[in-house]
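Okay, here's what each chain looks like letter by letter:
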Protein chains: 2
Amino acid sequence: MHQTEGRKRVIVERVLPELDAGRFPVKRVVGDELLVEADVFADGHDLLGAMLLYRREGETTWDEVRMLEGTNDRWRGSFSLETIGRYEYTVEGWVDHFQSWRRDLRKRLSAEQNVAVQLLIGLELLSAAIDRSPEPVCQLLSRFRDQVTASTDDAGRSALFLNARLAELADRAPDRALATRYARVLIVEVERTKARFSTWYELFPRSASPLAGKHGTFRDVERLLPRISRMGFDVLYLPPIHPIGRTFRKGKNNAPIAEEDDVGSPWAIGAAEGGHTAIHPELGTLNDFRRLLKSASSLNIEVAMDIAFQSSPDHPAVTRHPEWFRKLPDGSIQYAENPPKTYQDIYPFYFESEEWSPLWEELASVIRYWLEQGVSIFRIDNPHTKPLPFWEWLITVIRKEHPGVIFLAEAFTRPKIMNYLAKAGFSQSYTYFTWRNTKRELTSYFTELTTTELAEYFRPNAWPNTPDILPEHLQYGRRAMFMVRLLLAATLSSNYGIYGPSYELLDHEPRATGTEEYLNSEKYELRSWKLDSEDSLEEFIARVNRIRRENPALQRNETLLFHETDNEEVICFSKRDATGNVIVAAINLDVHNPQTATLHLPLEELGLETTQSYQVHDLLTGARFIWQGERNAVTLQPASLPARLFRIRRKMKSEHDFDYFA
Amino acid sequence: MHQTEGRKRVIVERVLPELDAGRFPVKRVVGDELLVEADVFADGHDLLGAMLLYRREGETTWDEVRMLEGTNDRWRGSFSLETIGRYEYTVEGWVDHFQSWRRDLRKRLSAEQNVAVQLLIGLELLSAAIDRSPEPVCQLLSRFRDQVTASTDDAGRSALFLNARLAELADRAPDRALATRYARVLIVEVERTKARFSTWYELFPRSASPLAGKHGTFRDVERLLPRISRMGFDVLYLPPIHPIGRTFRKGKNNAPIAEEDDVGSPWAIGAAEGGHTAIHPELGTLNDFRRLLKSASSLNIEVAMDIAFQSSPDHPAVTRHPEWFRKLPDGSIQYAENPPKTYQDIYPFYFESEEWSPLWEELASVIRYWLEQGVSIFRIDNPHTKPLPFWEWLITVIRKEHPGVIFLAEAFTRPKIMNYLAKAGFSQSYTYFTWRNTKRELTSYFTELTTTELAEYFRPNAWPNTPDILPEHLQYGRRAMFMVRLLLAATLSSNYGIYGPSYELLDHEPRATGTEEYLNSEKYELRSWKLDSEDSLEEFIARVNRIRRENPALQRNETLLFHETDNEEVICFSKRDATGNVIVAAINLDVHNPQTATLHLPLEELGLETTQSYQVHDLLTGARFIWQGERNAVTLQPASLPARLFRIRRKMKSEHDFDYFA
């Protein structure tokens, strides 16, 4: 064991945030402040200093900000994340001899000790500080030294040394020759705000035609944009828009053999017309697609593209690059399967091919192609069935070229794999929310997502339904359940989405009892939706999304707090933000019966005076209530509105607010 | 970002135990099994394999043991720590194509699918396994292949492939060409058993004379050894035995100026007679000291030496190596201080000296010197006032040369520093036990020590008193309190010690109200102890230490469990070991009143049948009780014995045990 500089006495440890010893970046969005903490300590009684060092990745010099000491040797500092991209940060700590000496001088004077020798030491320390200080600090410190040497008695000299201005000047250039730098440089990945706050609407363009039975087009989707915008969505996500294979095409309701006029699954990608960079001719042209992007953009909607890295047997790559598929001993190509289930209409790419590297490059070029067309959000289909290191490579490479790109991981699989995908770079992730129903399940899951290390990298995107999942609780078709599930998604998670128009039209018939598949699923056939249905949740959704837009508390997750209620059927939670916006949700999970509950709000944590009354404004109905104290009751009617979404008004006006009230 | 081998699909993460990303070793003792866990997973559905790799530090090849998959992608494996020293370990994971294929074959056969092509794939996989297998596995696998090719139908070939023996053979040489190795090699420091289980007795040799007022000697200590051994101690710790300085010598009760005949503090090390490698002449010679070591050893007692790296002004190093001390501007040498407190009789070493490296070497040579004399346990005085990196260097260097050496850190300071010293290499550490009194305090502190990451490196050594600390609760002088505090130390912590004969003789007078200093402290004067006092706890201590020796459950801490009682004054906890030894302690913390409490024992966790009666044997009194169920009451009398220490007998004999009972 070799020690190169034994005089470095400071230890810097447990720097947070840090993921897996710095192996992965933590995540933030532009405008966030990154709070960094570290244990900084040394032997003995000396005062220490600590500095947070940070820079944009690629820069060679560090910016610095002093850290402040809290309790138990924990130090804190922060810096602003002003641009998209990666920042590096680390921590440095040192023994501050000059400030230690000043502190001790004060103690010695209080104990009326002779400080003559100490003042000589002080002069040495001051001279050293002068030597290492740049102008103008150097000159200002020199002036202090001149005054000290001119002073005729110890009391006068001591007073000069204890001057606060001197301390402040010395702090500008502390002696860091023997500073200890933390062992690692850590990274924070800064994305655009939409990575944290987004509202998704998924629809099948081919069902967008106003004429039943007619194949919808991008032009049809354009006509729907105003409606989607009115509902308050800012991401429009389209299932794959590429040519669909014919070989082993699936029929309606996932029938193994398609009828002549069946349209097939959009996820069976590739046909004579082209592969992952082509557009299904019946949807329109590339120009139509670009026009759609533009129209959407004018309504502040971004189009998210589905990326499913798999091929139909008719995909051009199958013949052009047979090395990217797995060839079996009988000469056939391995189709997708999870034995005994088989999916003959899908060929997975063979990631264990010796030609994996060109394959990776080809897949990256697909993303690049669509980025060039103007897409900048990608919803990745089943990432957990492709090698995890591939995603880390792909996202890193693409993000370097296009810092604003957003990737959503559609992985419904085991927790470690879902989490790894998020660590590997996905901006957002599908969640288990779809199957979390009871108060206990929801509380435990979202507490885990928002209070554990997951909060540093896993951004949930909560979906009450998807084309693949009609969860059991929606199958009963109760309007209140559709409202409750949407509200939960929209308030528990700052990113959420629905698959529509299925959702707002309360579509709820499963293909068969015990499955989560939709009857007459759009995955295999065209659907025609009656958008003006009386039952539609359109207005309700518009209201919820407006509330999200207007209340920054709902645009983040890390302040989520669950609150006690005396009723297992009523869940209550709050979110708040730094500006003082506080939202409290109270939701009745029993969609059959009205439920009354006393909510227990921790007023102090929510920034309220415990002794004053306060106003709660139900943003769903507009009703206002005056509450006092931590416990107040609500009654929630599933027949009309099974929830309240309160904005808390901190302070009620009272006679004290009058000018003439003394 | 560059990917050198994109086909490595397995992720190996979160390997435990691991401290600070492998920066520090975890600790175990000889004979322990190291259980290693890791997250091992990959994309898709393939079966994986995982291997725990380990070797003694310095070896170039790894030993291996297969890990087993538990729930949630967590894998476990273990290996035996057979010798003292450091072992390295890491984890490797791979996709097991052959076993995945076998699993899928079974599913396909169940679904009555045609497996002709699959069997061809199986043959390829089997041939590959043959190619990479050493003899005799290679030959055995080849025989399987011959049988497969000789078989005339798919059913027969399938049966051969599904043969369990084939699976077992293939497991001997899985295909690890694309295995993923964990990013770090981790280290476990294996010490001798005494690092985990030791019973310390501290005494001042100079008070060991049977004649009051006469300076005690090593010979006197030898005469006390049988008594110490009868009490069951296996470490005899002596305060510094070096020549004591005369300059600024402290007088009785820490008087600033000593009388002519005052003996001074043993921690003011060094005089004309020598420094850290010399012996105070009044104690005896080096030969006397070595004789003491030998006599102690014959009673299975090791002598622990106090190492206080500081000097009196008379220490030879002060003149020989002025560069190791801090010189002040007036030419004087910096004495120890914590302003405004001053300790003129002590010169600290100046660790920020430019000559720090020779200083470090010199201090290491002190340890080496005493190791050569036969000492192998060192109690380090105030390590938190010397640089922390120094200790890590010193202990690492010394331990390489003397693997059996044990270091105890006498640091009573802030938690982060205490913890760091333990991480840096100290085998054992003094604790806050001395000031933890209430049930809540004791429960929370020992829960932290035994269930958090601390358990991997911080080995508590609990002391109810030390020459520096007569805690307030002992100052009332109640015998029951001395019993309670000893019992708590001896059962909560597998390492514990007392400062005697002060402790067993219930010495409890403070120098002044509000201090924790002993009146007439042995630190500054000779004391004469009435060892045959009627009140002495000698017999009680002997019994407790015998119980510790006879019950392996008390020789470790990681199984500590606190149990609910319905009385805040009664604390109840248990320890158990792998052999089935279970000890339950119930201790009355109220030393004034008898207390009755119902204990709630989680029988299943303690390895007991919940429906059967069981015997509890109070090892302190010999009394035996038959209990049934989880709740049973005890009454604890401070006037006689404020505690019970039960050994649980798992199974009561009943008529079922008779041979003729069917």
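Placed above this text is the structure.
The structure reproduced in this document is the subject of the present report.

What counts and what doesn't
- Residues numbered from 1 in each chain as written.
- Chains lettered and ligands numbered in written order.
- Predicted model: local features only at pLDDT ≥ 70, side-chain atom pairs only at ≥ 80, totals over all residues.
- Heavy atoms only, no water.
- Helix = DSSP H or I, 4+ residues; strand = E, 2+ residues; numbered from the N terminus.
- Buried < 20%, exposed > 50% of the residue type's maximum accessible area, 1.4 Å probe, protein only.
- Contact = heavy atoms within 4.5 Å.
- Areas by Shrake-Rupley, 256 points an atom, 1.4 Å probe, with all protein chains shown as cover.
- Lys, Arg positive; Asp, Glu negative; His and termini not counted.
- Charge placed at Lys NZ, Arg CZ, Asp CG, Glu CD.
- Least-squares fit on C-alpha atoms with pLDDT ≥ 70 in both.
- Pairing = 2+ DSSP bridges.
- Buried area = accessible area lost by both parts, 1.4 Å probe.
- Salt bridge = Lys/Arg side-chain N within 4 Å of Asp/Glu carboxyl O.
- Polar contact = N/O pair within 3.5 Å; in protein donor to acceptor, adjacent residues only side chain to side chain.
- Right-handed = clockwise from strand over helix to strand, strands pointing away.
- Axes fitted to C-alpha atoms, helices over the stretch in contact; angles between N-to-C directions.
- Phe/Tyr/Trp six-rings, centres within 6.5 Å; stacked < 30°, edge-to-face > 60°.
- Parallel < 35°, antiparallel > 145°, perpendicular 65-115°, else oblique.
- Left-handed = near helix turned anticlockwise from the far one by under 90°.
- Nonpolar A, V, L, I, M, F, W, Y, C, P; charged D, E, K, R; others polar.
- Core = buried A, V, L, I, M, F, W, Y, C linked by side-chain atoms within 4.5 Å.
- Expected span 1.5 Å × (residues − 1).

Moving on: the overall build of chain A. Along its length, chain A carries 15 helices and 30 strands. If you line up chain A on its principal axes, its C-alpha atoms span 105 × 70 × 45 Å. Sorting the 662 residues of chain A into buried and exposed places 59% on the buried side. Across chain A, the fraction of contacts at a sequence separation of at least 24, relative to all contacts at a separation of at least 6, is 75%. For chain A, the exposed area adds up to about 27000 Å²; of that, 49% sits on carbon and sulfur atoms. One way to put it: in chain A the 81 positive side-chain charges average out to a point 2 Å from where the 95 negative ones average out.

Quick look at the relation of the copies chain B and chain A now. Each of the two chain copies can be brought onto the other by rotation about an axis and movement along it. Superposing chain B onto chain A takes a rotation of 180° combined with a translation of 0.0 Å along the rotation axis, leaving an RMSD of 0.1 Å. When the rotation and shift are considered jointly, the pair of chain copies conforms to a two-fold rotation axis. Scanning chain B for the C-alpha nearest the rotation axis identifies Ala21(B), at a separation of 2.9 Å. Both copies share a contact surface, since 100% of the interface residues of chain B are interface residues in chain A too.

All names here are of chain B. Among the five residues of strand β27 (residues 614-618), five are classified as buried, and the element is accordingly described as predominantly covered. Residues of β27 alternate between two faces, with Tyr 614, Val 616 and Asp 618 on one and Gln 615 and His 617 on the opposite face, all of them buried. Here four bridges tie β27 to strand β28 (residues 624-627), and the two strands are oriented antiparallel to one another. When the bridges of β28 are listed, Val 616 appears paired with Phe 625. The hairpin turn running from β27 into β28, its antiparallel successor, is five residues long, and Gly 622 in that turn takes a positive phi close to 90°. Here four bridges tie β27 to strand β30 (residues 643-649), and the two strands are oriented antiparallel to one another. From the neighbouring strand, Gln 615 faces β30, where its bridge partner is Arg 649.

If you look at the interface, chain B gives 65 residues, while chain A gives 65 residues. Summing both partners gives a buried area of about 5700 Å² for chain B against chain A, and 57% of it is carried by carbon and sulfur. The tally of links from chain B across to chain A stands at ten salt bridges. Across the chain B-chain A interface, the total number found is 18 residue pairs in polar contact (both at pLDDT 80 or more).

The next thing to look at is the pattern of salt bridges. Throughout the structure, instances matching the rule amount to 101 salt bridges over all chains. Of the charged contacts in the structure, one is a salt bridge between Arg103(B) and Asp104(B), with a shortest N-O distance of 3.1 Å. With relative accessibility at 11%, the residue Asp104(B) sits in the buried group. Here Arg399(B) and Glu189(B) are joined by a salt bridge, their closest N and O atoms 3.8 Å apart. Placement of Arg399(B) in helix α10 (residues 388-401) and of Glu189(B) in strand β10 (residues 186-191) is noted, with a sequence separation of 210 residues between them. Given the relative accessible area of 8%, Arg399(B) is considered buried. Salt bridges sharing partners connect three or more residues here, namely Arg14(A), Glu37(A), Asp39(A), Arg74(A), Arg76(A) and Lys416(B).

Residue and element names in this part refer to chain B. Of the two faces of strand β12 (residues 235-238), both are covered, the one formed by Val 235 and Tyr 237 as well as the one formed by Leu 236 and Leu 238. With three bridges connecting them, strand β11 (residues 198-202) and β12 associate as parallel partners. By the bridge assignment for β12, Trp 200 is matched with Val 235. Where the polypeptide runs from β11 across helix α6 (residues 218-230) and back to β12, its parallel neighbour, the crossover connection is right-handed. In the sheet, β12 pairs with strand β13 (residues 302-307) via four bridges, with the strands oriented parallel. Bridged to Leu 238 within β13 is Met 305. For the crossover from β12 across helix α7 (residues 286-298) to β13, the handedness is right-handed.

All names here are of chain B. Judged by pairing direction, the sheet is antiparallel, and its four strands sit side by side in the order β1-β3-β7-β6 without closing on themselves. In the strand order of this sheet, the two ends are held by β1 (11-16) and β6 (68-69), each with one partner. Where β1 meets strand β3 (residues 33-41), four bridges bridge the pair, whose relative direction is antiparallel. Bridging from a neighbouring strand, Val 12 pairs with Val 40 of β3.

Attention now goes to the environment of Leu224(B). All names here are of chain B. For Leu 224, the position within the fold is in helix α6. A relative accessible area of 17% means that Leu 224 is categorised as buried. Separated by 159 residues in sequence, Leu 224 and Val 65 have C-alpha atoms that sit 50 Å apart. Contacts of Leu 224, omitting those with residues within four sequence positions, involve Leu 203, Ala 208 and Leu 531.

Attention shifts here to the sheet that holds strand β25 (residues 582-588) of chain A. Residue and element names in this part refer to chain A. The sheet built from six strands is open, its strands ordered β23-β24-β25-β30-β27-β28 with antiparallel pairing. Each having just a single partner strand, β23 (561-563) and β28 (624-627) make up the two edges of the open sheet. Ignoring which end each strand starts from, the neighbouring axes of this sheet average 25° apart. Examined bridge by bridge, β25 and strand β30 (residues 643-649) share five bridges and lie antiparallel to one another. Looking at β30, one finds that Ala 585 is bridged to Leu 645.

Counted according to the given criterion, the structure contains 81 aromatic pairs over all chains. On the numbers, 5.5 Å between centres and 75° between planes, the contact of Tyr445(A) with Phe446(A) is edge-to-face. Both residues of the pair, Tyr445(A) and Phe446(A), count as buried. With 6.2 Å between their ring centres and 70° between their planes, Phe433(B) and Phe446(B) make a pair best called edge-to-face. With a gap of 13 residues between them, Phe433(B) in the loop between β20 (428-430) and α12 (439-451) and Phe446(B) in helix α12 connect regions that are remote in the sequence. Each member of the pair Phe433(B) and Phe446(B) is classed as buried. Through a chain of ring-to-ring contacts, the aromatic side chains of Phe309(A), Phe351(A), Trp356(A), Trp360(A), Phe378(A), Phe390(A), Trp391(A), Trp393(A), Phe407(A) and Phe426(A) assemble into a single cluster.

On to the packing of helix α1 (residues 97-110) of chain A against helix α4 (residues 154-162) of chain A. Residues and elements named next belong to chain A. In the contact formed by α1 and α4, the axes pass within 10 Å of each other and the chain directions differ by 135°. Judged by the angle between their axes, α1 and α4 are oblique. As for the relative orientation of α1 and α4, their crossing is left-handed in sense. The residues of α4 that touch α1, namely those facing Phe 98, Trp 101, Arg 102, Leu 105, Arg 106 and Leu 109, are Ser 158, Phe 161 and Leu 162. Of the residues belonging to the contact of α1 with α4, the class tally is six nonpolar, one polar and two charged.

We now examine the nonpolar core. Tyr89(A), Val91(A), Phe289(A), Phe309(A), Phe378(A), Leu488(A) and Ile587(A) are the most contacted members of the largest nonpolar core, which totals 158 residues. In terms of residue count, the dominant contributor to this core is helix α14 (residues 479-492) of chain A (eleven residues). Once you skip the residues sitting within four places of it in the chain, Phe378(A) turns out to touch Met305(A), Ile307(A), Ile367(A), Trp370(A), Leu371(A), Val405(A), Ile406(A), Phe407(A) and Leu408(A). Membership of the second largest hydrophobic core comes to 157 residues, among which are Ile269(B), Phe426(B), Leu619(B) and Leu620(B).

This part takes up the packing of α10(B) against helix α11 (residues 415-424) of chain B. Residue and element names in this part refer to chain B. Contact pair α10 / α11: the axes reach a minimum separation of 9 Å and the direction vectors enclose 25°. Relative to α11, α10 is oriented roughly parallel. Between α10 and α11 the crossing geometry is right-handed. Taken together, the residues of α11 that come into contact with α10 (itself represented by Leu 388, Trp 391 and Glu 392) are Ile 417, Tyr 420, Leu 421 and Ala 424. Tallied by class, the residues present in the contact of α10 with α11 amount to six nonpolar, no polar and one charged.

Moving on: α1(A). Here α1(A) spans 20 Å end to end across 14 residues, near enough to the 20 Å set by a 1.5 Å rise per residue. When we look at burial in α1(A), the residues that qualify are Phe98(A), Gln99(A), Ser100(A), Trp101(A), Arg102(A), Asp104(A), Leu105(A) and Arg108(A). Considering only its buried residues, α1(A) is in contact with α2 (116-132), α4 and α5 (164-170) of chain A together with β15 (336-338) of chain B. At the N-terminal boundary of α1(A), the capping side chain belongs to Asp96(A), with an oxygen 3.4 Å from the backbone nitrogen of Phe98(A). Just past α1(A), the residue Glu112(A) takes up positive phi, approximately 55°.

It is worth spelling out α2(A) at this point. Because each turn of an α-helix spans 3.6 residues, side chains separated by three or four positions end up pointing in the same direction. In this model, α2(A) (17 residues) spans 25 Å end to end at C-alpha, consistent with the 24 Å of a helix rising 1.5 Å per residue. Those residues of α2(A) that sit buried are Gln118(A), Leu119(A), Ile121(A), Gly122(A), Leu126(A), Ala129(A) and Ile130(A). Of the surrounding elements, those touching the buried residues of α2(A) are α1, α3 (137-150), α4 and α5 of chain A together with β15 of chain B.

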